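# Analysis of the macromolecular model
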Amino acid sequence: MSGLTARRSWWLAVVLLLSACGQKEAQLHDTQLLVMGTLVNVSILDGDEDVAAVATTEVEQRLRQMHRDLHAWQPGPLTRVNEAIASGESAPVDTEKTMLIERGTELSRQSGGLFNPAIGNLIALWGFHSDDGPHGPPPDAAAIRSLLAQAPSMTDLHIDDGRLRSDNPAVQLDFGGFAKGYAIDEAIRILREHHIDNAIVNAGGDLRVIGRHGARPWRIGIRDPRGPGVIASVEVSGDECVFTSGDYERYFEYQGRRYHHIIDPRSGYPAVGSSSVTVLSHEAIVADAAATALFVAGPDTWAQTAKAMGIDQAMLIDDKGNVYMTPAMAKRTHFEVDPPPPIKVVVP
Ligand code: AMP
Ligand code: MG
């Protein structure tokens, strides 16, 4: 979860602009929260104004608590767990962390290890565990090799009686690849507890919707990874999430090259070949993890990874601007640029 940037707030505005169609038919309780280092927009379209305000406050408190509990580098509950792992000790873990470790282990297994929340050491080595952004230069090749040789994996972790231990002291948990998804799922759970049926929770362009936006579906823009605007849009309704992983979100440039924050656990370097991946799914935690995994898989193997993770709607834009989509994604995607980019539909 990175710091708020002008770029991100601009992007949020684009998403809102697109989703504003059909707004006339519905009452809107719209709140922007600055939480988890990003702007989170909670839009509620039904129910009582007071209920909407109470539910939004509860969402805000929950997201603030998660930010503290799951932060990968600011000292807190997760850094304490990581310290214990590094020193070969066991550590108590609450039910939330237990659940995230279990889900993270399963998502990592499905992705063939391309999504790997155990590589916190590598992410820190690249300088992404910092509040004022990564600066470079890239780390030493020998340091990367040495971390890779220790092969941190979620399968090294074991939980018994609420205590976590690791077979491998090189494991460091970093939930950055799916924590935002989990947070959005939690926000929607809270809204539903308040009997809110039509809403959207949007964290910097990653979002989940429930219900409808008035008489029409919600219209969501997918950002052009190399341009200033939207490359495509999809209409979503019912209960769906749209998550994008991009190399433009956190990066530094060094000697004319971009080094971004999505690390290929096989090489120890930022993943090559992709510039963005968008995934649609019913659960935000899955969409978030899958977007990261497919980004790492890249243009040659993303479709196999999608299949292995149970994803049938995904789009990858490679570093040359070519677009790859599953048939189900192609059916519902509307390109907003003229002419549309080169598109290849790939059956997973
Ligand atoms: P996202 O923007 O969802 O793709 O997540 C990127 C964040 O996930 C990074 O900032 C890291 O904290 C973490 N991360 C980077 N590479 C991986 C990976 N291969 N597997 C899991 N998490 C990763
Ligand atoms: Mg992700």
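For the structure itself, look to the data block above.
Here we come to the packing of aromatic side chains. Aromatic ring pairs: the centre-centre distance and the angle between the two ring planes describe each pair. Applying the stated rule across the entire model yields 7 aromatic pairs. Considering the side-chain rings of W126 and Y269, the 5.5 Å spacing of their centres and the 70 degrees angle between planes classify their relative orientation as edge-to-face. Here W126 is found in the loop between α5 (120-125) and α6 (141-149), whereas its partner Y269 is found in the loop between β12 (257-260) and β13 (274-281), with 143 residues between them in sequence. The structure contains a cluster of three or more aromatic residues connected by ring pairs, namely W126, F128, F252, Y259 and Y269. Across the ring face of Y251, the terminal group of R258 is positioned such that the distance to the ring centre comes to 4.1 Å.

With 15 residues, helix α7 (residues 179-193) should reach 21 Å at 1.5 Å per residue; the first-to-last C-alpha distance of 21 Å fits that figure. Across the 15 residues that make up α7, a large majority, 12, are buried. Among the residues of α7, those classed as buried are A179, K180, G181, Y182, A183, I184, D185, E186, A187, I188, I190 and L191. Of the residues flanking the end of α7, it is H195, one or two places downstream, whose phi is positive at about 60 degrees.

Neighbouring ligand 1 are 16 residues, the closest being N116, S245, I263, D288 and T292. Here a nitrogen atom of ligand 1 and a backbone polar atom of N116 are 2.8 Å apart. In isolation ligand 1 exposes 500 Å². Once the protein is present, 93% of that is buried. In terms of residue count, helix α8 (residues 284-308) provides more of the shell around ligand 1 than any other element does, 3 residues in total. Partitioning the shell around ligand 1 into residue classes produces 8 nonpolar, 6 polar and 2 charged. The residues that make up the shell around ligand 1 include at least three from each of domain 1 (3-67 + 181-345) and domain 2 (72-177).

Here helix α2 (residues 49-70) contains 22 residues, and its C-alpha end-to-end distance of 31 Å stays within 8% of the 32 Å for a straight helix at 1.5 Å per residue. Where α2 is buried, its residues meet β1 (29-35), β2 (38-44), α3 (77-86), α4 (95-110) and α7. Its side-chain oxygen at 2.9 Å from the backbone nitrogen of D50, D48 defines the N-terminal cap of α2.

Turning to the sheet that holds strand β4 (residues 157-160), a few remarks are in order. In spatial order, the strands read β3-β5-β4; together these 3 strands make up an open sheet with antiparallel pairing. Lying at the two open borders of the sheet, with one neighbouring strand each, are β3 (91-92) and β4. Relative to strand β5 (residues 163-166), β4 runs antiparallel, the two sharing 4 bridges. The residue bridging D160 from the neighbouring strand is R163, located in β5.

So, on to the side chain of N202. One can find N202 in strand β6 (residues 199-203). For N202, a relative accessible area of 1% translates into the label buried. Within the structure, N202 has its side chain in polar contact with the backbone nitrogen of G205 (distance 2.8 Å).

Another aspect to go through is the layout of surface pockets. What the second largest pocket holds in volume is close to 220 Å³. In terms of lining residues, the second largest pocket is bounded by 14 residues, among which R257, R258, H260, A271 and V272 are the most central. Residue contributions to the lining of the second largest pocket peak at 4 residues, all from β12.

Next up on the list: the coordination of the magnesium ion (ligand 2). Bound to the magnesium ion (ligand 2) are the protein donor atoms G177 (O), D288 (O), D288 (OD) and T292 (OG1), situated 2.0 to 2.4 Å from the metal. Donor residues for the magnesium ion (ligand 2), ordered by position in the chain, follow G-x110-D-x3-T. Of this pair, D288 and T292 both sit in helix α8, 4 residues apart, roughly one helical turn. On the basis of relative accessible area, D288 is assigned to the buried category, the value being 7%.

Definitions and cut-offs
- Residues numbered from 1 in each chain as written.
- Chains lettered and ligands numbered in written order.
- Predicted model: local features only at pLDDT ≥ 70, side-chain atom pairs only at ≥ 80, totals over all residues.
- Heavy atoms only, no water.
- Phe/Tyr/Trp six-rings, centres within 6.5 Å; stacked < 30°, edge-to-face > 60°.
- Helix = DSSP H or I, 4+ residues; strand = E, 2+ residues; numbered from the N terminus.
- Lys NZ or Arg CZ within 6 Å of the ring centre and 35° of its normal.
- Expected span 1.5 Å × (residues − 1).
- Buried < 20%, exposed > 50% of the residue type's maximum accessible area, 1.4 Å probe, protein only.
- Near = heavy atom within 4 Å.
- Polar contact = N/O pair within 3.5 Å; in protein donor to acceptor, adjacent residues only side chain to side chain.
- Areas by Shrake-Rupley, 256 points an atom, 1.4 Å probe, with all protein chains shown as cover.
- Nonpolar A, V, L, I, M, F, W, Y, C, P; charged D, E, K, R; others polar.
- Domains from an automatic or database assignment.
- Contact = heavy atoms within 4.5 Å.
- Pairing = 2+ DSSP bridges.
- 1 Å grid on protein atoms, 1.4 Å probe; cavity = no way out; pocket = protein on both sides within 12 Å on 5 of 7 lines; lining within 4 Å.
- Points joined across faces, edges and corners; volume = space filled by probe spheres on them.
- Donors = N, O, S within 2.8 Å, 3.2 Å for Na, K, Ca; no water.

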